Amino acid sequence: MREKKSTTLWVAIGAVILIILLLVWLTVADFFGDTDVAAMVAPLF
């Protein structure tokens, strides 16, 4: 049973790391204007 708990912990840690990397990637892309979202928001300003 301990092995199953350990695997679940590593999957959770991996998911958190991937979410952090996604947020960093989207932040950098938005900063450089490389997103489609920025193209839709730009006409408002």
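The structure reproduced in this document is the subject of the present report. (Residues numbered from 1 in each chain as written. Predicted model: local features only at pLDDT ≥ 70, side-chain atom pairs only at ≥ 80, totals over all residues. Heavy atoms only, no water.)

### So, the overall build of the protein
No. 1: Counting secondary structure elements, the protein contains two helices and zero strands.
No. 2: Buried positions account for 4% of the 45 residues belonging to the protein.
No. 3: If you sum the accessible surface of the protein, you get close to 4,500 Å²; carbon and sulfur atoms cover 76% of it. (Helix = DSSP H or I, 4+ residues; strand = E, 2+ residues; numbered from the N terminus. Buried < 20%, exposed > 50% of the residue type's maximum accessible area, 1.4 Å probe, protein only. Areas by Shrake-Rupley, 256 points an atom, 1.4 Å probe, with all protein chains shown as cover.)

### Comments concerning the packing of aromatic side chains
No. 1: On inspection of all chains with the given rule, the structure shows one aromatic pair.
No. 2: Seen from their ring centres, phenylalanine 31 and phenylalanine 32 are 5.2 Å apart, and the 80 degrees between their planes marks the pair as edge-to-face. Neither phenylalanine 31 nor phenylalanine 32 differs from the other in exposure class; each is exposed. (Phe/Tyr/Trp six-rings, centres within 6.5 Å; stacked < 30°, edge-to-face > 60°.)

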